Amino acid sequence: MADKLPVIAVIGGTGKLGAALARGWAKAGYSVVVGSRDAGRAADTASTLAAQTDGTVTGVDNLAAAVAGEIVVVTVPFAHQRRILEEIRPAVKGKIVVDTTVPLMPPKVARVQLPPEDSAAVAGQAILGEDATVVSAFHNVAAHKLATDSAACDVLVFGDSKAARARIVRLVEALGLRGLHGGALANSTAAEALTSVLVFINRIYEADGAGLRITGELTQPKDS
Ligand SMILES: NC(=O)c1ccc[n+]([C@@H]2O[C@H](COP(=O)([O-])OP(=O)(O)OC[C@H]3O[C@@H](n4cnc5c(N)ncnc54)[C@H](OP(=O)(O)O)[C@@H]3O)[C@@H](O)[C@H]2O)c1
């Protein structure tokens, strides 16, 4: 018998990346809970996504979403990452938290600027403590490409637990993309930094959401 699909909470799921991810997972048959600072806004987004996908999408405030989700995906701007993680911390003990945060610091978003911890994901794990397992992913995917099923790119997945990474690789695959293990959470630095390079490429070559593709023939991932 197939495993039951986990309920996915998307914190900040009213936004560009969060709504695109929620839409993709709802289409793939996952039950999705959209979180927002405003429960009404979450409910509006959820009903739009449910109608678009014929899927199960509900909307509540961020903390209630984190309580409901078996896997909790955080999609808020870097400037608000700390406050949101502190808010949901009591609800994510024992859960995988997928951090999508890219430490963009406007106005110079096409220049790599990393936080003191070198990685927003590493900073996120420190905020949540050891009871939650942070995996980071989706740094290099343009939300509007994801939202229109036109993101022909790979998604690098980082985390210190291989089993947790593997679960998120499966969530990437559910979106129709290739998910690749990128190694330890500290390696997330590389993907977080690469986003500013992609923003620069978009500007200078007038690209519409440049993405990342790993070349070479890959086998099944070994223990690492
Ligand atoms: N957009 C992309 O293509 C993309 C790609 C890769 C990674 N990312 C990363 O994904 C994250 C989300 O990006 P996004 O473009 O989706 O962001 P966004 O649309 O600007 O914002 C996402 C959500 O964050 C919440 N938010 C906004 N201000 C907030 C505040 N002061 N405090 C708490 N929550 C606040 C809002 O939800 P409510 O108002 O409903 O609470 C909003 O809908 C970022 O860390 C970004 O670096 C984005």
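Details of the structure are given in the entry above.
Remember, it's a predicted structure, so these values are computed and weren't measured experimentally. (Residues numbered from 1 in each chain as written. Predicted model: local features only at pLDDT ≥ 70, side-chain atom pairs only at ≥ 80, totals over all residues. Heavy atoms only, no water.)

Concerning the site of the ligand
Selection rule: In these notes, residues near a molecule or strand are those with any non-hydrogen atom within 4 Å of it. Identification of polar contacts relies on pairs of N or O atoms within 3.5 Å, with a donor-acceptor requirement for protein atoms, meaning one able to donate a hydrogen and the other able to accept it, and with residues adjacent in sequence counted only if both atoms are side-chain atoms. Surface exposure here means Shrake-Rupley accessible area, sampled with a 1.4 Å probe, where a residue is shielded only by the protein chains that are shown. In this description a helix means any DSSP run of H or I spanning at least four residues, a strand means any run of E spanning at least two, and both kinds are numbered starting from the N terminus. Any residue that is not Ala, Val, Leu, Ile, Met, Phe, Trp, Tyr, Cys, Pro, Asp, Glu, Lys or Arg is counted as polar, Gly included; the first ten are nonpolar and the last four charged.
Near the ligand, the surroundings consist of 23 residues, among which Thr14, Ser36, Arg37, Arg41 and Val76 are the closest. Between Arg37 and the ligand, the recorded distance is 2.7 Å, taken from a side-chain N or O atom to an oxygen atom. Contact distances for the ligand include 2.8 Å between an oxygen atom and a backbone N or O atom of Ala143. Protein chains shield 81% of the accessible area of the ligand, which is 890 Å² for the free molecule. Per-element tally for the shell around the ligand: the top contributor is helix α4 (residues 78-88), with four residues. Of the residues belonging to the shell around the ligand, the class tally is 10 nonpolar, nine polar and four charged.

Some points on the packing of helix α1 (residues 16-27) against helix α2 (residues 39-53)
Two quantities define a packed helix pair, namely the angle between the helix axes and the distance between the axes. Operational definition: Axis definition: a line fit to C-alpha positions, over the contact stretch in the case of helices; interaxial angles, taken between N-to-C directions, run 0 to 180 degrees. Note that the term roughly parallel is reserved for angles under 35 degrees, roughly antiparallel for angles over 145, roughly perpendicular for angles of 65 to 115, and oblique for everything else. When the near helix sits turned anticlockwise from the far one by under a right angle, the crossing is termed left-handed; a clockwise turn instead gives a right-handed crossing. Should any heavy atoms of two residues lie within 4.5 Å, those residues are counted as being in contact.
Packing of α1 against α2 leaves a shortest axis separation of 9 Å and a crossing angle of 40 degrees. On the basis of their axis angle, the class for α1 and α2 is oblique. Crossing angle aside, the handedness with which α1 passes α2 is right-handed. For the pair formed by α1 and α2, the contact residues are Ala19, Ala22, Arg23, Ala26 and Lys27 on the first element and Thr45, Leu49, Gln52 and Thr53 on the second. When grouped by side-chain class, the residues that make up the contact of α1 with α2 number four nonpolar, three polar and two charged.

Some remarks on the pairing of strand β8 (residues 178-183)
Note the threshold: A pair of strands is considered paired only if DSSP assigns at least 2 bridges between the two. The path from the first strand over the helix to the second decides the hand: if it runs clockwise while the strands point away from the viewer, the crossover is right-handed.
Direction of pairing for strand β7 (residues 154-159) relative to β8: parallel, over a ladder of five bridges. From the neighbouring strand, Val157 faces β8, where its bridge partner is His181. Assessed by its sense of winding, the connection that carries the chain from β7 through helix α7 (residues 162-174) to β8 is right-handed.

What to know about helix α5 (residues 120-128)
Applicable threshold: Partly exposed describes any residue whose relative accessible area lies between the buried limit of under 20% and the exposed limit of over 50%, with all areas from a 1.4 Å probe on protein chains only and scaled to the type maximum.
Across the nine residues of α5, seven count as buried, placing the element largely inside the fold. All of the buried residues in α5 are Ala120, Ala121, Ala123, Gly124, Gln125, Ile127 and Leu128. Looking at the packing, one finds that the buried side of α5 touches α4, β5 (96-99), β6 (133-136) and α8 (188-204). Directly after α5, the chain includes Gly129, whose backbone phi takes a positive value near 80 degrees.

Looking at the environment of Ala186
Within the secondary structure, Ala186 sits in the loop between β8 and α8. The class of Ala186 is partly exposed, set by a relative accessible area of 48%. Distance from Ala186 to Ala143, taken between C-alpha atoms, is 24 Å for residues 43 residues apart in sequence.

Details of the pattern of salt bridges
The condition that has to hold: We define a salt bridge as a side-chain nitrogen of Lys or Arg found within 4 Å of a carboxyl oxygen belonging to Asp or Glu.
Scanning all chains against the criterion turns up seven salt bridges. Here the salt bridges share partners, and the residues they tie into one network are Arg23, Lys27 and Asp149.

Some points on α4
Threshold: The arc in question is the one spanned by the directions pointing from the helix axis to the C-beta atoms.
Along α4, the residues that are buried comprise Gln81, Ile84, Leu85 and Ile88. Looking straight down α4, one finds its buried side chains confined to an arc of 100 degrees; they lie on one side. Buried-residue contacts for α4 involve β1 (8-11), α3 (62-68), β4 (71-74), β5 and α5.

Looking at the packing of α4 against α5
Direction vectors running N to C along α4 and α5 enclose 20 degrees, while the axes themselves pass 9 Å from each other. With respect to α5, the axis of α4 lies roughly parallel. In this structure, α4 meets α5 at a crossing whose hand is right-handed. Across from Phe78, Gln81, Arg82, Leu85 and Glu86 in α4, the residues of α5 making contact are Ala120, Gly124, Ile127 and Leu128. For the contact of α4 with α5, a count of residues per class yields five nonpolar, two polar and two charged.

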